[in-house]
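# Examining the three-dimensional arrangement
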2 protein chains.
Amino acid sequence: MPGGRPRAFDPDVALDRALEVFWRQGYEGTSLSDLTGAMGINRPSLYAAFGNKEELFVKALDRYISGPGAFADEALAAPTVREVVERLVEGAIELTAGTGTPHGCLSVNSVHACGPDSAPAREAAIACRMAGEAALRRRFEEAPDLPPGFDPAVLARLVHTVTDGIAVQAASGHTREELREVAALALRTLLPA
Amino acid sequence: MPGGRPRAFDPDVALDRALEVFWRQGYEGTSLSDLTGAMGINRPSLYAAFGNKEELFVKALDRYISGPGAFADEALAAPTVREVVERLVEGAIELTAGTGTPHGCLSVNSVHACGPDSAPAREAAIACRMAGEAALRRRFEEAPDLPPGFDPAVLARLVHTVTDGIAVQAASGHTREELREVAALALRTLLPA
DNA sequence: TCAGTTCTGTATCGTCCGGTATGAAACTAG
DNA sequence: CTAGTTTCATACCGGACGATACAGAACTGA
């Protein structure tokens, strides 16, 4: 029972590099050469470690959700409905228009990978999005401070719609400060303090 | 001075077919074979009539704006700020989640075509979006009924953010009815009647 | 030392990509 | 009918795509 030749790269950092490329260029806009170049490995190593382009994307998406996108789950623990929404919106702005990371949202981006060969990546992104929206709805359903006349499911969908819109605006060049103004107006009209 | 062999296809119809393909599959997800197949013409005819893939996309985007997307300009003529917003949001829902057309928004979709070869298409989409947002801002700047405490530029950006979000939601499978509930909540909190 | 195993590097596979050369077909003007 | 012009249809271009075969290198256990 042997050990074999050891890996010359760290799969975790390689996956982080892959995530960064998918985030910046989208699933359809990213080639294997882009990936191997950024990951610092060659093709057979990529296939041995991550399967293929689709599986690598799914792994990168998981890492995106549990890394840069972790604020979304954490926000649900905030004590009030307003704070939950506030932290979600602010987190979305930081995620999609912050410094040091590509502009836009990997998940929103991947929803728009609708070419014939991109169905698996697209469906993985949609599944993530549905799960996030369902969690937000459940949070509102159990909220004693939900304002009267607010349907939990509709509010969750509206918040999700606004964060999606923020991601699109960030991807098309709006700055963090511009989006903060938008978020402030949305918050003060939707849930006056 | 001659006439030459007459065209065997109607360029307007062919452009509409191309628009439909770009709308459904995105710029990066659409190949020339997809286009020629849907347009019912062959490659040299496409190049002679429309230039190349990029130029064809820009022409299709123009048609999208002046056709299915014409509600956006028309909405600006509504008498009140609230009606302008109402018509924009309802038009966005109909455009992106209506029947008989692909789900999602061509312009929002194209913002996410961020591969190395898609820069021209992406920039054309962004230019369209900026022009639309600027027109909305000017409409609000000249509105006597703008509620106090509302910055015209920020309101325009927020409305645009919501319509962008609606497009993303539609692209990821939400129905027209679900989005109507979202729009109703957004409207009644943002601009109470 | 050497068989057994795993990874690396190169070179390549077949396919599809966007784009075009070429020649026949279909028209107009004389 | 012919010359000139434009479009159509086929067949093809070089290159990039995602994915892999293969051989040598680097390790473990005996």
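Now for a quick tour of the structure.

Rules behind the numbers
Residues numbered from 1 in each chain as written. Chains lettered and ligands numbered in written order. Predicted model: local features only at pLDDT ≥ 70, side-chain atom pairs only at ≥ 80, totals over all residues. Heavy atoms only, no water. Helix = DSSP H or I, 4+ residues; strand = E, 2+ residues; numbered from the N terminus. Buried < 20%, exposed > 50% of the residue type's maximum accessible area, 1.4 Å probe, protein only. Contact = heavy atoms within 4.5 Å. Areas by Shrake-Rupley, 256 points an atom, 1.4 Å probe, with all protein chains shown as cover. Lys, Arg positive; Asp, Glu negative; His and termini not counted. Charge placed at Lys NZ, Arg CZ, Asp CG, Glu CD. Buried area = accessible area lost by both parts, 1.4 Å probe. Salt bridge = Lys/Arg side-chain N within 4 Å of Asp/Glu carboxyl O. Polar contact = N/O pair within 3.5 Å; in protein donor to acceptor, adjacent residues only side chain to side chain. Core = buried A, V, L, I, M, F, W, Y, C linked by side-chain atoms within 4.5 Å. Axes fitted to C-alpha atoms, helices over the stretch in contact; angles between N-to-C directions. Parallel < 35°, antiparallel > 145°, perpendicular 65-115°, else oblique. Left-handed = near helix turned anticlockwise from the far one by under 90°. Nonpolar A, V, L, I, M, F, W, Y, C, P; charged D, E, K, R; others polar. Expected span 1.5 Å × (residues − 1). 1 Å grid on protein atoms, 1.4 Å probe; cavity = no way out; pocket = protein on both sides within 12 Å on 5 of 7 lines; lining within 4 Å. Points joined across faces, edges and corners; volume = space filled by probe spheres on them.

Scanning chain A for helices and strands turns up ten helices and zero strands. For chain A, the α and β elements follow one another from N to C terminus as α-α-α-α-α-α-α-α-α-α. The C-alpha extent of chain A, read off along each of the three principal axes, is 65 × 40 × 30 Å. Relative to its 193 residues, chain A shows a buried fraction of 52%. In chain A, the share of contacts with a sequence separation of at least 24, taken over all contacts with a separation of at least 6, comes to 64%. Just so you have it, chain A exposes about 8,700 Å², and 53% of that area is on carbon and sulfur atoms. In chain A, the 19 positive side-chain charges and the 26 negative ones have mean positions that sit 3 Å from each other.

As a further point, take the interface of chain A and chain B. Counting residues at the interface gives 42 residues for chain A, matched by 42 residues for chain B. When chain A packs against chain B, the two sides together hide about 3,600 Å² of surface, and 62% of this comes from carbon and sulfur. Broken down residue by residue, the surface that chain A buries against chain B is led by H112, R157 and T161 of chain A, which jointly contribute 16%. Salt-bridge contacts for R157 of chain B lead to E181 of chain A; the nearest nitrogen and oxygen are separated by 3.1 Å. Applying the counting rule to chain A against chain B returns 17 residue pairs in polar contact (both at pLDDT 80 or more). Looking at the side of chain A that touches chain B, the elements with two or more residues in it are helix 1 (11-25), helix 7 (106-111), helix 8 (119-141), helix 9 (152-171) and helix 10 (176-190) of chain A. Ranked by residues supplied to the side of chain A that touches chain B, first place goes to helix 9 of chain A with 13 residues.

Next up on the list: the nonpolar core. Residues L35, M39 and L56 of chain A together with L35, M39 and L56 of chain B are the most contacted members of the largest nonpolar core, which totals 66 residues. L56 of chain A has contacts with L15, A18, F22, L35, M39, L46 and F50 of chain A, leaving out every residue within four places of it along the chain. With 33 residues, the next largest nonpolar core counts V84, V85, I93 and L190 of chain A among its residues.

Turning next to the packing of helix 4 (residues 53-66) of chain B against helix 8 (residues 119-141) of chain B. All names here are of chain B. Where helix 4 contacts helix 8, the axes come no closer than 9 Å and their chain directions differ by 20°. Accordingly, the angle class assigned to the pair helix 4 and helix 8 is roughly parallel. Handedness of the helix 4/helix 8 crossing: right-handed. Between helix 4, through E54, F57, V58, L61 and I65, and helix 8, the contact on the second element is made entirely by P120, A121, A124, A125 and C128. Within the contact of helix 4 with helix 8, the residues separate by chemical class into nine nonpolar, no polar and one charged.

The terminal C-alpha atoms of helix 10 of chain A lie 20 Å apart, and with 15 residues this matches the ideal 21 Å at 1.5 Å per residue to within 8%. Along helix 10 of chain A, the positions that sit buried rather than exposed are R176, L179, V182, A183, L185, A186, L187, T189 and L190 of chain A. For helix 10 of chain A, the secondary structure elements touched by its buried residues are helix 6 (81-97) and helix 9 of chain A together with helix 9 (152-171) and helix 10 (176-190) of chain B.

Quick look at the side chain of K53 of chain B now. Residue and element names in this part refer to chain B. Position of K53 relative to the elements: it lies in helix 4. Salt bridges are absent for the buried K53, whose nearest opposite-charge side chain, D34, sits at 7.9 Å. Excluding residues that lie within four positions of it along the chain, K53 makes contacts with F22, Y27, T30, L32 and L35.

Before going further, it helps to examine empty space enclosed by the protein. All chains considered together, the criterion is met by two cavities of 30 Å³ or more. The space that makes up the largest cavity amounts to roughly 220 Å³. If you go around the largest cavity, you meet 20 residues; those closest to its centre are V162 and A186 of chain A together with L158, V162 and A186 of chain B. Listing elements by their share of the lining of the largest cavity, those giving two or more residues are helix 6, helix 9 and helix 10 of chain A together with helix 6 (81-97), helix 9 and helix 10 of chain B.

Here we come to the environment of P44 of chain B. With respect to the helices and strands, P44 of chain B occurs in helix 3 (residues 43-50). Considering only alpha carbons, one finds P44 of chain B and P102 of chain B, 58 residues apart in sequence, at a separation of 27 Å.

Turning next to the side chain of R176 of chain A. Residues and elements named next belong to chain A. Looking at where R176 falls in the secondary structure, it is placed in helix 10. Only 2.4 Å separates the side chain of R176 from the side chain of E94, close enough to count as a polar contact. Those residues in contact with R176, other than ones at most four positions away along the chain, are I93, E94, A97, G98 and T99.

What follows is about the pattern of salt bridges. Close approach of charged atoms allows side chains with opposite charge to pair. Counted by the stated rule, this structure contains 20 salt bridges over all chains. Residue R176 of chain B is joined to E94 of chain B by a salt bridge in which the shortest nitrogen-to-oxygen separation is 2.4 Å. On the criterion of sequence distance, the pair formed by R176 of chain B in helix 10 and E94 of chain B in helix 6 is long-range, its members being 82 residues apart. Residues R137 of chain B and E141 of chain B are paired through a salt bridge, measuring 3.2 Å at the closest nitrogen-oxygen approach. Pair noted here: R137 of chain B and E141 of chain B are both in helix 8, with a separation of four residues, about one helical turn. Exposure remark for R137 of chain B: the relative accessible area of 30% places this residue in the partly exposed category. By sharing partners, the salt bridges in this structure join E94, R176, E177 and R180 of chain A into a single network.

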